[in-house]
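Spelled out from the first residue to the last, the chains are:
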Amino acid sequence: MHFSTLRLRSGQALTTYLLVILTVLAPAVLLAQGGAIKWAKSGNAYYRFDNGELGLYNLPQHTRTVVVSTKQLTPEGKTAPLNSRSFSFSADEKKILFFTNTKKVWRLQTRGDYWVFNTNTGKLTKLGNNRPASSLMFAKFSPDGSKVAYVSDYNLFVEDLATGNIQQLTQDGNRKFINGTFDWVYEEEFFCRDGFRWSPDSKHIAYWQIDARRTKDYLMVNNTDSIYPFAVPVEYPIAGEPPSPYKIGVVDVAAAKTQWMEIPTDAALQSYVPRMEWAGNGSELIIQHLNRHQNQSDLMLCNAQTGASQVIYTEKDSAWIDILPTWDNDYIWGGWDWLGGGKEFIWASEKDGWRHLYRITRDGKKEVRITNGDYDVMDIAGIDEKNGYVYFLASPNNATQKFLYRTRLTGKGVAERVSPVGQEGTHEYDLSPTAAFARHVFSNYYTAYTEEWVSLPNHKGLNGENKVNDKIAGAQKNGIEFFKVKTEDGVEMDGWMVKPHNFDSSKKYPVVFYVYTEPWGQNVKDQFGAADNFLYKGDMAADGYIYISIDNRGTPVPKGRNWRKVIYRNIGRVNIRDQAMAAKEVCKWPYVDVSRVAVWGWSGGGSATLNLMFQYPDIYKTGISVAAVGSIFTYDNVYQERYMGLPQENRADYIQGSPVTHAKNLKGNLLYIHGSGDDNVHYQNAELLLNELIKYNKQFQFMSYPNRTHSISEGAGTFEHLSTLYTSYLKAHCEPGGK
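Only a predicted model underlies this, so the values are computations on that prediction, with no experimental measurement involved. (Residues numbered from 1 in each chain as written. Predicted model: local features only at pLDDT ≥ 70, side-chain atom pairs only at ≥ 80, totals over all residues. Heavy atoms only, no water.)

In this section: the domain arrangement of the chain. The extent of an interface is frequently quoted as the accessible surface area lost upon association of the parts. Along its sequence, the chain is organised into domain 1 (176-317), domain 2 (337-472) and domain 3 (480-733). If you average the C-alpha positions of domain 1 and of domain 3, the two centres end up 34 Å apart. At the interface, 26 residues of domain 1 touch 27 residues of domain 3. Of the roughly 2300 Å² buried at the junction of domain 1 and domain 3 (both faces included), carbon and sulfur atoms supply 47%. Taken as a group, Glu 189, Ala 239 and His 293 account for 25% of the area that domain 1 buries against domain 3, more than any other trio of residues on that side. Summed over the shared surface of domain 1 and domain 3, the number is three salt bridges. For Glu 641, the salt bridge goes to Arg 292, with nearest N and O atoms at 2.6 Å. Applying the counting criterion to the domain 1 and domain 3 interface returns 19 residue pairs in polar contact (both at pLDDT 80 or more). For the side of domain 1 that touches domain 3, the secondary-structure elements that each account for two or more residues are α3 (184-190) and β16 (217-222). (Domains from an automatic or database assignment. Contact = heavy atoms within 4.5 Å. Buried area = accessible area lost by both parts, 1.4 Å probe. Salt bridge = Lys/Arg side-chain N within 4 Å of Asp/Glu carboxyl O. Polar contact = N/O pair within 3.5 Å; in protein donor to acceptor, adjacent residues only side chain to side chain. Helix = DSSP H or I, 4+ residues; strand = E, 2+ residues; numbered from the N terminus.)

To continue, consider the nonpolar core. Counting 65 residues, the largest nonpolar core has Tyr 186, Phe 190, Phe 196, Ile 205, Ile 248, Ile 263 and Leu 285 as its most contacted members. Per-element accounting of this core gives the leading share, five residues, to strand β15 (residues 204-211). Two domains each donate at least three residues to this core, and these are domain 1 (176-317) and domain 3 (480-733). Discounting chain neighbours no more than four positions away, the residues touching Phe 196 are Met 137, Phe 138, Lys 140, Ala 149, Tyr 150, Val 151, Leu 156, Gly 180, Ile 205, Ala 206, Tyr 207 and Trp 208. Residues Ile 546, Ala 608, Ala 663 and Leu 666 belong to the second largest nonpolar core, which totals 42 residues. (Core = buried A, V, L, I, M, F, W, Y, C linked by side-chain atoms within 4.5 Å. Buried < 20%, exposed > 50% of the residue type's maximum accessible area, 1.4 Å probe, protein only.)

Let us look at the pairing of strand β30 (residues 403-408). Across the six residues of β30, five count as buried, placing the element largely inside the fold. Taken together, the six bridges between strand β29 (residues 389-394) and β30 define a ladder with antiparallel strand orientation. Its bridge partner lying in β30, Tyr 389 is registered against Arg 408. With two bridges connecting them, β30 and strand β31 (residues 416-417) associate as antiparallel partners. Looking at β31, one finds that Arg 406 is bridged to Glu 416. (Pairing = 2+ DSSP bridges.)

Attention shifts here to the side chain of His 674. Topologically, His 674 is positioned in strand β42 (residues 669-675). Within the local environment of His 674, its side chain forms a polar contact with the side chain of Tyr 672, the two groups lying 2.7 Å apart. With sequence-adjacent residues up to four places away left out, His 674 is seen in contact with Ala 627, Ala 628, Val 681, His 682, Tyr 683, Asn 685, Ala 686, Met 703, Ser 704, Tyr 705 and Ile 712.

Pairing is antiparallel across the open sheet formed by four strands, whose spatial order is β28-β29-β30-β31. The strands lining the two open edges of the sheet, one partner per strand, are β28 (379-384) and β31.

Position of Val 418 among the secondary structure elements: in the loop between β31 and β32 (426-431). The sequence separation of Val 418 and Phe 345 amounts to 73 residues, and the corresponding C-alpha distance is 24 Å. Each residue touching Val 418, except ones within four places of it in the same chain, is listed here: Tyr 391, Leu 404, Tyr 405, Arg 406, Leu 456, Pro 457 and His 459.

Here four strands make up an open sheet; going across it, the order is β24-β25-β26-β27 and the pairing antiparallel. Bordering the open sheet on either side are β24 (338-339) and β27 (367-369), each of which pairs with just one other strand. By the bridge criterion, three bridges tie strand β26 (residues 356-361) to β27 in an arrangement that is antiparallel. Its bridge partner being in β27, Arg 359 is matched across the sheet by Val 368.

Right, let's get into the pattern of salt bridges. Within the structure shown, the criterion is met by 48 salt bridges. In this structure, Glu 188 engages Arg 107 in a salt bridge whose closest nitrogen and oxygen atoms are separated by 3.0 Å. Separated by 81 residues along the polypeptide, Glu 188 in helix α3 and Arg 107 in the loop between β6 (95-105) and β7 (108-118) bring together distant segments of the chain. Residue Glu 188 is classed as buried on the basis of its relative accessible area, which comes to 4%. In this structure Arg 107 comes out as buried when scored by relative accessible area, which is 6%. A salt bridge links Lys 739 to Glu 735, with the shortest nitrogen-to-oxygen separation between them at 3.1 Å. Bridged by salt links that share partners, the residues Asp 317, Glu 350, Arg 355, Asp 376, Arg 561, Arg 564 and Lys 565 form one connected network.

This part takes up the packing of aromatic side chains. Summed over all chains, the structure comprises 46 aromatic pairs. Centroid distance Phe 513 to Tyr 620: 6.1 Å. Interplanar angle 75°. Geometry classified as edge-to-face. Placement of Phe 513 in strand β38 (residues 509-514) and of Tyr 620 in the loop between α8 (604-615) and β41 (622-626) is noted, with a sequence separation of 107 residues between them. Residue Tyr 620 is classed as buried on the basis of its relative accessible area of 1%. Geometrically, the ring pair formed by Tyr 514 and Trp 600 is tilted, given 4.9 Å between the ring centres and 45° between the ring planes. Residue Tyr 514 is located in strand β38, and its partner Trp 600 is located in strand β40 (residues 592-602); the two are separated by 86 residues in the primary sequence. Across this residue pair, the class does not change: Tyr 514 and Trp 600 are buried. In this structure, Lys 140 is placed above the aromatic ring of Phe 196, and the distance from its NZ or CZ to the ring centre is 3.2 Å. Residue placement shows Lys 499 over the ring face of Phe 503; its charged tip is 4.7 Å from the ring centre. (Phe/Tyr/Trp six-rings, centres within 6.5 Å; stacked < 30°, edge-to-face > 60°. Lys NZ or Arg CZ within 6 Å of the ring centre and 35° of its normal.)

Glancing now at the pairing of β40. Burial of β40 is extensive: nine of the eleven residues sit out of reach of the surface. One ladder, built from five bridges, connects β38 with β40; its direction is parallel. Residue pairing in the sheet places Tyr 509 in a bridge with Val 592 of β40. Inspection of the sheet shows β40 paired to β41 by five bridges, in the parallel sense. Of the residues in β41, the one forming a bridge with Ala 598 is Thr 622.

Below, the discussion takes up the packing of helix α7 (residues 574-586) against α8. Where α7 contacts α8, the two axes come as close as 10 Å, and the packing angle between them is 65°. Judged by the sense of rotation from one axis to the other, the crossing of α7 with α8 is right-handed. Counting all contacts with α7, which are made through Ile 576, Gln 579 and Ala 580, the residues of α8 involved are Ala 608, Asn 611, Leu 612 and Gln 615. Of the residues that constitute the contact of α7 with α8, the class distribution is four nonpolar, three polar and no charged. (Axes fitted to C-alpha atoms, helices over the stretch in contact; angles between N-to-C directions. Left-handed = near helix turned anticlockwise from the far one by under 90°. Nonpolar A, V, L, I, M, F, W, Y, C, P; charged D, E, K, R; others polar.)

On to unusual backbone geometry, then. Here the amide bond leading from Leu 59 into Pro 60 is cis, since omega sits at 10°, within 30 degrees of zero. Positionally, Pro 60 belongs in the loop between β3 (53-58) and β4 (63-68). In this structure, Pro 457 follows Leu 456 across a cis peptide bond, with omega equal to 10°. Looking at the secondary structure, you find Pro 457 in the loop between β34 (447-455) and β35 (460-461). Within the chain, Asp 153 stands out as a residue other than glycine whose phi angle is a positive 50°.

The following block contains the structure:
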């Protein structure tokens, strides 16, 4: 239910909407894949693909040198250059992998063709010539640059760059027995996609094997692509079903023989390994092992030669433990933060009530808290071990904003803010390997996204530029107001509001609440476009709506562990009551028309919309719910069990949290929308909900989008139709304008 929607300005094009949909479903993943820049190892230059060629930009002068020209990127016998989606380098930066002809696998374009360009010889070579077109995944150079490994058709392969010889390292892969990549739920909920790692000596590859043979398939029916409908199976373990068993293997590249790691698991409940890397050397792996409830995390060292494993560090939580990639997108593609040449590593934990960073010795016996204070680390931006600092994003005083800080790796001293005073809003950074330079992107609710290049730690614009300050100075306030609301339960929440143009406090206006409410999405952010409604056809403020969003307890805002985890086993209750009680306070404002109160949301926000309409029908008069989970029994086990526990152990919580349980209470106007090809929140949810509403003679409007996925973005005219439907329904049932 990961649809924490980014907003578009009303005039933006459909192509931008589609890009937003991709980013929404996998936040920042496109950039992490290499769609933006790659830092040079030196730390004082970066590579960027633009105008059909690869350039090297040297800092601080920002001079550009062409590394691979358009002509060099044109294969022999072809007239057009490769259309590269991303690129990566060998360790010596003499060979470059280009990823082309890509195809989508669930959320992202992770399957395609790979070409190697040799900067010494100027030769361009396609990999995997004996493999089907667009079938290669996650190709990576060996550390010595002599080979490339990749996944194709669920098996691991290694290709020798000198001879062109291709060796198949695994033989048993298929849709249900997966080597080197993952099943649907690991990809969706743990962000696990690239499932193998080269050893530092280039002689071995560690990889995941997922056995989904006993995992039941959800059968989606495709009625549009042929005269005879056909079933589209997705291996999808729902809440209460055991996950697909995993293995971690280390394959000898020369012998194609695998040594399996000895990782204990619960024979009935199973367990998870969401993270695995080489442990700072070529002889051991380090893994994170989670129990089925995801409330105990064991870090284990595994001997790559014998498979023997030992637990070095254990953490427990009464609710759940977030893995690093769920809140820091850089780690989606792997990585482990080693210090001292493998003697220590950096780890994050909420055990003191806030998400802090710790330095832990390799044996797990000693730890030092690096960050200190009543604030959450929101992102690890960079580690400058040479100078003894870690850079991180945080916002100790305003949960709607984000700033760059640094603190000493010793844990001594006070964290210092690096983001300049006066730039209040949301900052993002891409630090160079030496932390000497950074690409800085800033926005706030009235200042458009602005990119500048800065030196660190002084945060000075390169070549005297001062783009962010100039942009802020020239920006005009746009009518968005941030506010706090305190409910009768004593809960204080952040919100934003956009009032109608020419607002008249003596009139009463309709209110439209935008909701998400679950542990995956924060709506109330001080960033550009935060309060735009991309589905609304027109200008809500010009038409006379008050548009509001409020972040309840349980949303992933930087307010500490207790704020986020009070929702454990309470989805559909705590989040819904917080929202309703906040709306109750808003309804006391003299200019709010309580007869015209609407709510809408997508995915988890769609579920919240249903629950609000059903559980608090006297507050919300109109609801538009998109792609909602009608019964949380139907959603995948990793997500739902993480936040709700196992349904076998607390079935009543699942029942009370599900919208279908309360559907009989509907009083207002409901528009429900779902795509029949949704592999995330399956169409079954729509039919379960419809049946319940029909049972109690509740009248509503329903729109099914044939064979559309969770984003409802495919097919000619889809967005225009969806936007028109949304807008016309809202106007018809929650009339705009002051009265």
